[in-house]
Amino acid sequence: MSDIIRRILVYIDGSEHAMLAAHYSVCLAKTLGANLSALFVVNTQALGALVKSHIFLEDEEIEYRRDLNADADRYLRHVQTIGEAKNVPIELINVSGSVSTEIKKYVNERDIDLLIIGELSRIQSRRDQFYDETERAMRSVRCSVLIVKNEEQVWNSYDRL
Amino acid sequence: MSLLDILTKDVIAVPLMSRDKNGAIMELVQLLKKSGEISDVQSVYDAVMLRESKCSTGLEKGIAVPHAKTTAVKKIAAAIGISPDGIEFGAIDGKPSKLIFLIIAPPDQSGKHVAFLSEIARLSQYQQLCDELASARSVDRVMAILQGEE
């Protein structure tokens, strides 16, 4: 096991970028002999804000919360299969709250050495840069952060593992 | 993912021709059809109106966010309509709606749907931005304001 990176956390949001990050994290965990955790955050802060702003009814909030929880289970199960295919056990973590807060919390609580995230969304407007929750987490966590890019290289590395 | 990832000039109506809520929603749904975002106008319109029947999505500050989840779309679609005179939308502050954001999402994309609606909720907090959008007289101007190029 590497002394520098013993515990890796990969953030999963259901996007293709996050799934690529999951594959890369499996490669890295296996190569380094590190423990790997995958975190999905059901963004209940956003749901609450939608009710507060009257865009959502309370019924809708309940319905979407249920949908998002089902998404979390589905995506985390998929991540688990990505690890199992390469004999890499993955701790699956499904929590609710604010994305950046929960990522930061788990990095601290689990003493994570490396946070792995998928490629960030393209900044389309000046306002975007203030509201990307993943970027906010990236800036505020105390551990090192790795942003996964180059899809072809990741697939090749995973296939060769 | 940002609202600007799915908004194109083809799905912005400046100004909206309709003078009432139902007409404005139909106008925006038809814009989505014309731009190739949806195929079944009636299913999408019915889904939006079903949501509106539960409670109007007319918010404060002249903004309305009609939205629906329906299998009639395969990916999230959005349209914006600007009504300089405002449309009676049953808003919570009683004021007519000048900015109408229509968001349609398939049932299996709740995460993205929530993200887009959250972005609109945030936009609605910027009074100056909303005023600028409401007074925009061209599609290019709307895009420029949303991109924050002013």
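Heads up: these notes are all about the structure in this document. Please read these numbers as outputs of a predicted model, since none were measured by experiment.

Within chain B one finds six helices and five strands. Walking chain B from its N terminus toward its C terminus, one meets helices and strands in the order α-β-α-α-β-β-β-β-α-α-α. Rg of the C-alpha trace for chain B: 14 Å, near the compact-globule value of 15 Å for 150 residues, within the 12% margin. In terms of overall dimensions, chain B has a C-alpha envelope of 35 × 30 × 25 Å along the principal axes.

Attention now moves to the packing of aromatic side chains. Taken as a whole and judged by the stated rule, the model has two aromatic pairs over all chains. Pairing Phe-40 of chain A with Tyr-75 of chain A gives two aromatic rings, centres 6.1 Å apart and planes at 10 degrees, and the pair type is stacked. With Phe-40 of chain A in strand E2 (residues 35-42) and Tyr-75 of chain A in helix H3 (residues 58-84), this residue pair connects regions lying 35 residues apart in the sequence. Residues Phe-40 of chain A and Tyr-75 of chain A agree in their burial class; the two are buried. Their ring planes at 40 degrees and their centres at 4.6 Å tell us that Phe-56 of chain A and Tyr-64 of chain A sit as a pair that is tilted. In this structure, Phe-56 of chain A and Tyr-64 of chain A share a single accessibility class: buried. Taking the ring centre of Tyr-158 of chain A as reference, the NZ or CZ of Lys-86 of chain A above it sits at 4.8 Å. Across the ring face of Tyr-64 of chain A, the terminal group of Lys-69 of chain B is positioned such that the distance to the ring centre comes to 4.3 Å.

Right, let's talk about the interface of chain A and chain B for a bit. Taken together, the contact between chain A and chain B spans 23 residues of the former and 33 residues of the latter. The interface formed by chain A and chain B contains three salt bridges. For Lys-69 of chain B, the salt bridge identified is with Asp-67 of chain A, shortest N-O distance 2.5 Å. Of all elements in the fold, only helix H2 (44-52), H3 and helix H5 (128-131) of chain A reach the threshold of two or more residues within the side of chain A that touches chain B. When residues in the side of chain A that touches chain B are grouped by element, the largest group, seven residues, is from H3 of chain A. When grouped by side-chain class, the residues that make up the side of chain A that touches chain B number nine nonpolar, five polar and nine charged.

This part is about the pattern of salt bridges. All names here are of chain A. Scanning all chains against the criterion turns up 14 salt bridges over all chains. Arg-7 is paired through a salt bridge with Asp-111; the nearest N and O atoms lie 3.3 Å apart. In this pair, Arg-7 sits in strand E1 (residues 7-12) while Asp-111 sits in the loop between helix H4 (99-109) and strand E4 (114-118), placing the two residues 104 residues apart along the sequence. For Arg-7, a relative accessible area of 24% puts it in the partly exposed group. Three or more residues joined by partner-sharing salt bridges are found here, namely Arg-7, Asp-111 and Arg-142.

So, on to the side chain of His-67 of chain B. Structurally, the position occupied by His-67 of chain B is in strand E3 (residues 67-69). Exposure remark for His-67 of chain B: the relative accessible area of 1% places this residue in the buried category. Side chain to side chain, His-67 of chain B and Arg-51 of chain B meet in a polar contact 3.5 Å long. Here Val-65 of chain B takes part through its backbone oxygen, which lies 2.9 Å from a polar atom of the side chain of His-67 of chain B. Beyond its immediate chain neighbours, meaning those up to four positions away, His-67 of chain B contacts Ile-55, Phe-56 and Glu-60 of chain A together with Val-48, Arg-51, Thr-57, Ile-103, His-113 and Leu-117 of chain B.

Moving on, we get to the packing of H2 of chain A against H3 of chain A. Residue and element names in this part refer to chain A. Remark: H2 packs on H3, axes separated minimally by 10 Å, with the N-to-C direction vectors making an angle of 165 degrees. Judged by the angle between their axes, H2 and H3 are roughly antiparallel. You can see that H2 and H3 cross each other, and the crossing is right-handed. Only Glu-58, Glu-61, Tyr-64, Arg-65 and Leu-68 of H3 make contact with H2, whose side of the interface consists of Thr-44, Leu-47 and Val-51. Of the residues belonging to the contact of H2 with H3, the class tally is four nonpolar, one polar and three charged.

Turning to the sheet that holds E2 of chain A, a few remarks are in order. All names here are of chain A. Strands sit in the order E3-E2-E1-E4-E5 across an open sheet of five strands; the sheet is parallel. Looking at strand neighbours, the two that pair on one side only are strand E3 (90-96) and strand E5 (144-148), the edges of this open sheet. The sheet shows a mean angle of 25 degrees between the axes of neighbouring strands, direction not considered. Direction of pairing for E1 relative to E4: parallel, over a ladder of three bridges. For Ile-8, the partnering residue across the bridge sits in E4 and is Leu-114.

What counts, and where the lines are drawn
Residues numbered from 1 in each chain as written. Chains lettered and ligands numbered in written order. Predicted model: local features only at pLDDT ≥ 70, side-chain atom pairs only at ≥ 80, totals over all residues. Heavy atoms only, no water. Helix = DSSP H or I, 4+ residues; strand = E, 2+ residues; numbered from the N terminus. Rg over C-alpha atoms; globule rule 2.2 N^0.38 Å. Phe/Tyr/Trp six-rings, centres within 6.5 Å; stacked < 30°, edge-to-face > 60°. Buried < 20%, exposed > 50% of the residue type's maximum accessible area, 1.4 Å probe, protein only. Lys NZ or Arg CZ within 6 Å of the ring centre and 35° of its normal. Contact = heavy atoms within 4.5 Å. Salt bridge = Lys/Arg side-chain N within 4 Å of Asp/Glu carboxyl O. Nonpolar A, V, L, I, M, F, W, Y, C, P; charged D, E, K, R; others polar. Polar contact = N/O pair within 3.5 Å; in protein donor to acceptor, adjacent residues only side chain to side chain. Axes fitted to C-alpha atoms, helices over the stretch in contact; angles between N-to-C directions. Parallel < 35°, antiparallel > 145°, perpendicular 65-115°, else oblique. Left-handed = near helix turned anticlockwise from the far one by under 90°. Pairing = 2+ DSSP bridges.

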